[in-house]
Amino acid sequence: MERIPYLRLENITKTFPGVLANYSINLSIEKSEVHAILGENGAGKSTLMKILYGFYRPDTGNIYLDGTPVDIRSPLEASRLGIGMVFQNFMLIPAFSVVENIALALPKLNVLFKRSEMEERMAVVADRYGLSVDPRARVWQLSVGEKQRVEIVKLLLSGARMLIFDEPTSVLAPHEIEGLFQIFKNLTNDGYTILFITHKLREVMACADRVTVLRRGSVVGTVLRSDTTEQELAYMMLGEQSLHLDRSTKKPPEGRSKTVLELKGVEVSDDRGGLGLKEVSFSISSGEIVGVAGVSGNGQKELGEVVLGLRRCRAGSVLLHGNDATQWSVARILGEGVACMPEDPLVMGVAPGMTAQENMILTDRMNYFRHGGLFIDWKAVRAEVERRVENFGLPIPNLDTPVIALSGGNVQRLVFVREVARRPSLLIAYYPTRGLDLAATKMANDLLLACREAGIAVLLISEDLEELFSLSDRLIVMHRGEVVGSFKPEETDRLEVGLLMTGSKAP
Amino acid sequence: MEARMRAITRVGTGQPARLIRLMGMVSFAFLAVGIFLWAFGKNPVRAYGEIFQGALGSTYGLTELLVKMTPFILCASATALPARIGLINVGAEGQLHTGALIATWGALTFGDLPRGILLPFLVILGFAGGAIWGSFSGALRTMVGLNETISTLLLNYVAVLLVEHYVHGPWKDPASFNWPFTAEFTEAARLPTFGSSRVHFGLVFALTAVVVLYLVLRKTRWGYEMRVIGDNAEAARRAGIPIGRYIVLTMFIGGGLAGLAGMAEVSAIQGRLRPGISTGFGYTGFLVSWLASHHPIGIVIMAFLLGVLALGGDMIQINLGLPYSTVNIIMALIFFIVLGSGQLKKMGA
Ligand SMILES: Nc1ncnc2c1ncn2[C@@H]1O[C@H](COP(=O)(O)OP(=O)(O)O)[C@@H](O)[C@H]1O
Ligand SMILES: [Mg+2]
């Protein structure tokens, strides 16, 4: 007799207005495997997972659990069936402690719950699978990795047998990613099933048993990890597109360059009133990429904000083109040619309910003001936006759709293109390739190099050392709000930078 | 990539679709109240008949409807403008009162000026009275972070009490037999009415306000920047849009519009300041604005609908022996259904 897979999807199709997100998906998931779902941004991975989790209803198709058809009408139903989802934005209450959060999520909780008993149950699960978190800590005090572990414990205690992770690594630091994969292994050894969504080949190769590749809403194929290579997976994922990421097209900047930005002994407060930046001094010239290496949360956010005029200096000064810009308003600084691609484009860079076109001119809107700034010349805007979409190959089918309907990767690209297209003299780029798939990463990197060639000074803030080393002309390393190192990339290596970043080596 | 999988289906989400949905919800509210009336042994068809007959069945009803709609529209505009940048101004009632108060001061002090000078001056004073009250809340929000919903609500009580103070005290007309009235305005201080009806020039203010609001929001750079603030204040701040200035300014203009409503009530309808110049116009205006999703044209439509209900309330009281609060229940139900369905949509249900 044929073996019945743990979970089977048959002919699942799901459309959104104007978009075919999933088309006739067939997929089998075995018990206790790590099954990776691989695909570029917009391939339909999240949609498929939300169907499994009862958040969306498919237009057609069936779902079978252990051979019986099931109708997953709601997340509650999914959780009753033992299907749990670890969200990217964790569903936790910041002011509550870890145990309280977990207790809240349990279906059969007595009105009076015993904290000690709860902590014990937590400890058992935590020990067994390597999910250590202090049960008494308040959730707001936890790092992202810890919050993720709390989510997992929560799901395990509420009886989930199959855990869905939608791009869980995009928020994690490198060492935390390894820890997560170890947790996957521990869980599958005990009979749990893991569905792992990603667009990163390396991660698939590091942790999956089987891989299903999605492209444009359809399944390209399912393969055993042990039978495949990164090359083959990339080919399945991208189709005919070229794979070649030429990261070495570095040209030395031509001609004489001028100092665009200079920071002199800058000190600012962080959000909690502590010192966010300590005595930071450095400068960037036109046509130069200065990479800022560091674990996020070590002053990168404050650095960009002080340059943009969003945060005031406690001491020191900021010079733009040689002029003291320490007290300038944000509008004036933007007007002087400073552009920023923020760390979270959807939250910081766009008005999600407004159209792609309207968002495309958010930071250079002044150029389209007419009649003394009373009206906006929407005709000129339209022409310019169409030109940008065309020139930069932005995959936005309709300029009048609200940005919220675009995929996260496309929002990121829109903001990036917007900031580059207005020809700034200084571009502050936060994690320009974070969360992007291969093709988009290449585009973003090429764009940064093109900026440099065009004489734009680029401040590149990234956690990806590979990217920093291949793009930067100069590297500075930040730790606890201080610049603890400043090198040419060829003068140092990843190990040294890595140690400086984590404070393991004195500067 | 998305370009290639475009357009399988397309569901209308534009203005007409929204209007149809809104009308559906309003009908639902009427149906719900109808069942309620029927359960209490009243004939709902007749009750509704009376309501619409009362408002729309005679010239008198129609003109009274316009009189009611005037403050509704102005107060709704006072709510809608700040709402565009995410502020919740529940203070139109107070702003209406301060507008009436300051305009009254002008009318009592400069009553002898010629009409051509006095009336425009009173209009400015009425606007300023409301504008100062509104921008006070805006400034508190900008400078000390005080929530504008709370400050506007509390300032409503202050404004109403200020009016009480002046009509009971310093401005009481000696000839009023101890009633809390100010002296009657001079003829020059009376806003003109149309024909023999009570429809007054305030209606022109209201309609102008709606048209200007529409144009500003749709066509101008301010409308654009306000939409950005309302949609994502953080992105607006990072794009160099002066949020604090917009907060004070929208509360200033919004308050001013409510102030105009107050000025028109004393100058056109009452001819003097006295307590109870507003029967909750500010709050009804708030309701109108939210029902209309703060859209200028929607405001006129909703003001019409609530105007009909408010007038009809009098009719069913007289003809059917039903309490006026029946109408309040209908309004509240409409409000809940509209807000509730908006909330559901946001949650993705
Ligand atoms: N709620 C939604 N409404 C409209 N379109 C959506 C919605 N969710 C996703 N889409 C579209 O469906 C496609 C697949 O999206 P998604 O499943 O999020 O992709 P992935 O997770 O693989 O990046 C994209 O084109 C996206 O824009
Ligand atoms: Mg996704």
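Located above this text is the structure these notes cover.
Small disclaimer: the values here were computed from a predicted structure and weren't measured.

Conventions adopted
Residues numbered from 1 in each chain as written. Chains lettered and ligands numbered in written order. Predicted model: local features only at pLDDT ≥ 70, side-chain atom pairs only at ≥ 80, totals over all residues. Heavy atoms only, no water. Pairing = 2+ DSSP bridges. Helix = DSSP H or I, 4+ residues; strand = E, 2+ residues; numbered from the N terminus. Axes fitted to C-alpha atoms, helices over the stretch in contact; angles between N-to-C directions. Contact = heavy atoms within 4.5 Å. Near = heavy atom within 4 Å. Polar contact = N/O pair within 3.5 Å; in protein donor to acceptor, adjacent residues only side chain to side chain. Areas by Shrake-Rupley, 256 points an atom, 1.4 Å probe, with all protein chains shown as cover. Nonpolar A, V, L, I, M, F, W, Y, C, P; charged D, E, K, R; others polar. Buried < 20%, exposed > 50% of the residue type's maximum accessible area, 1.4 Å probe, protein only. Patch = residues over 30% accessible without salt bridge, like charges linked within 9 Å, V, L, I, M, F, W, Y side chains within 5 Å. Salt bridge = Lys/Arg side-chain N within 4 Å of Asp/Glu carboxyl O. Buried area = accessible area lost by both parts, 1.4 Å probe.

A few points about the sheet that holds strand β1 (residues 7-16) of chain A
All names here are of chain A.
At step 1: Read across the open sheet, the 4 strands follow the order β2-β1-β4-β5; overall the sheet is antiparallel. Only two strands of the sheet have a single neighbouring strand rather than two, namely β2 (19-29) and β5 (68-70). Pairs of neighbouring strands in the sheet enclose a mean axial angle of 30 degrees, with direction left out of account.
At step 2: Sheet topology note: the β1/β2 ladder contains 7 bridges and is antiparallel. The partner of F16 across the bridge, within β2, is V19.
At step 3: Against the sheet, helix α1 (residues 45-52) engages β1, β2 and β4 (60-65), with an angle of about 120 degrees to β1.

Examining the site of ligand 1
At step 1: Near ligand 1, the surroundings consist of 14 residues, among which G42, G44, K45, S46 and T47 of chain A are the closest.
At step 2: Residue neighbours of ligand 1 fall on chains A and B, so the site bridges chains.
At step 3: Interatomic distance of 3.3 Å between a side-chain N/O atom of Y56 of chain A and a nitrogen atom of ligand 1.
At step 4: Interatomic distance of 3.3 Å between a backbone N/O atom of A405 of chain A and an oxygen atom of ligand 1.
At step 5: Taking 550 Å² as the accessible area of ligand 1 by itself, protein coverage stands at 79%.
At step 6: Elements with a contribution of two residues or more to the shell around ligand 1: β2 and α1 of chain A.
At step 7: Ranked by the residues each element gives to the shell around ligand 1, the list is headed by α1 of chain A, at 3 residues.
At step 8: The residue makeup of the shell around ligand 1, split by class, is 6 nonpolar, 5 polar and 3 charged.

Concerning helix α8 (residues 221-231) of chain B
At step 1: Regarding α8 of chain B, the residues found buried are G223, Y224, E225, M226, V228 and I229 of chain B.
At step 2: Of the residues that open α8 of chain B, the one with a side-chain oxygen 3.3 Å from the backbone nitrogen of W222 of chain B is T220 of chain B.

Observations regarding the sheet that holds strand β22 (residues 482-487) of chain A
Hydrogen bonds between backbone atoms are what pair the strands of a sheet, whose relative direction is either parallel or antiparallel.
Residues and elements named next belong to chain A.
At step 1: The sheet built from 6 strands is open, its strands ordered β16-β19-β20-β13-β21-β22 with mixed pairing. In this open sheet, the two strands that pair with only one neighbour each are β16 (338-341) and β22. Here the strands of the sheet are splayed against their neighbours by 20 degrees on average, with no regard to which way each runs.
At step 2: With 5 bridges connecting them, strand β13 (residues 289-293) and strand β20 (residues 457-462) associate as parallel partners. Residue pairing across strands places V290 opposite L459, the latter belonging to β20.
At step 3: Sitting on the sheet, helix α9 (residues 300-308) is in contact with β13, β16, β19 (426-430), β20 and β21 (474-479), with an inclination near 155 degrees to β19.
At step 4: In the packing of helix α17 (residues 494-501) onto the sheet, contacts are made with β13, β21 and β22, and the angle to β21 comes to roughly 30 degrees.

Here we look at a nonpolar patch on the surface
Residue and element names in this part refer to chain B.
At step 1: A surface patch of nonpolar side chains, amounting to about 480 Å² of accessible area, comprises I102, W105, F110, L113, I117 and F121.
At step 2: Elements supplying a minimum of two residues to the nonpolar patch: α4 (92-109) and α5 (115-144).
At step 3: Residue classification places L113 among the partly exposed residues on the basis of a relative accessible area of 32%.

A look at the pattern of salt bridges
Residues and elements named next belong to chain A.
At step 1: As enumerated under the stated definition, the model contains 33 salt bridges over all chains in all.
At step 2: Across the pair D364 and R388 runs a salt bridge whose closest N-O atoms are separated by 2.8 Å. Residue D364 is found in the loop between α12 (356-360) and β17 (369-370), and its partner R388 is found in helix α13 (residues 378-391); the two are separated by 24 residues along the sequence. Here D364 matches R388 in class, with each residue buried.
At step 3: Residue E386 is joined to R382 by a salt bridge in which the shortest nitrogen-to-oxygen separation is 3.4 Å. Of this pair, E386 and R382 both sit in helix α13, 4 residues apart, which is roughly one turn of the helix.

Side note on the interface of chain B and chain A
Interface size is often expressed as the accessible area that is lost when the parts come together.
At step 1: In this assembly, 28 residues from chain B lie in contact with 43 residues from chain A.
At step 2: Carbon and sulfur atoms make up 57% of the surface buried where chain B meets chain A, a total of about 3200 Å² over both sides.
At step 3: Remark: the boundary between chain B and chain A carries 11 residue pairs in polar contact (both at pLDDT 80 or more).
At step 4: Those elements that provide at least two residues to the side of chain B that touches chain A are α8 and α9 (233-238) of chain B.
At step 5: Take the side of chain B that touches chain A: its biggest share by element is 7 residues, from α8 of chain B.
At step 6: Here the side of chain B that touches chain A is composed, by residue class, of 12 nonpolar, 4 polar and 12 charged.

Everything listed here is a matter of geometry and, on its own, says nothing about what the molecule does.
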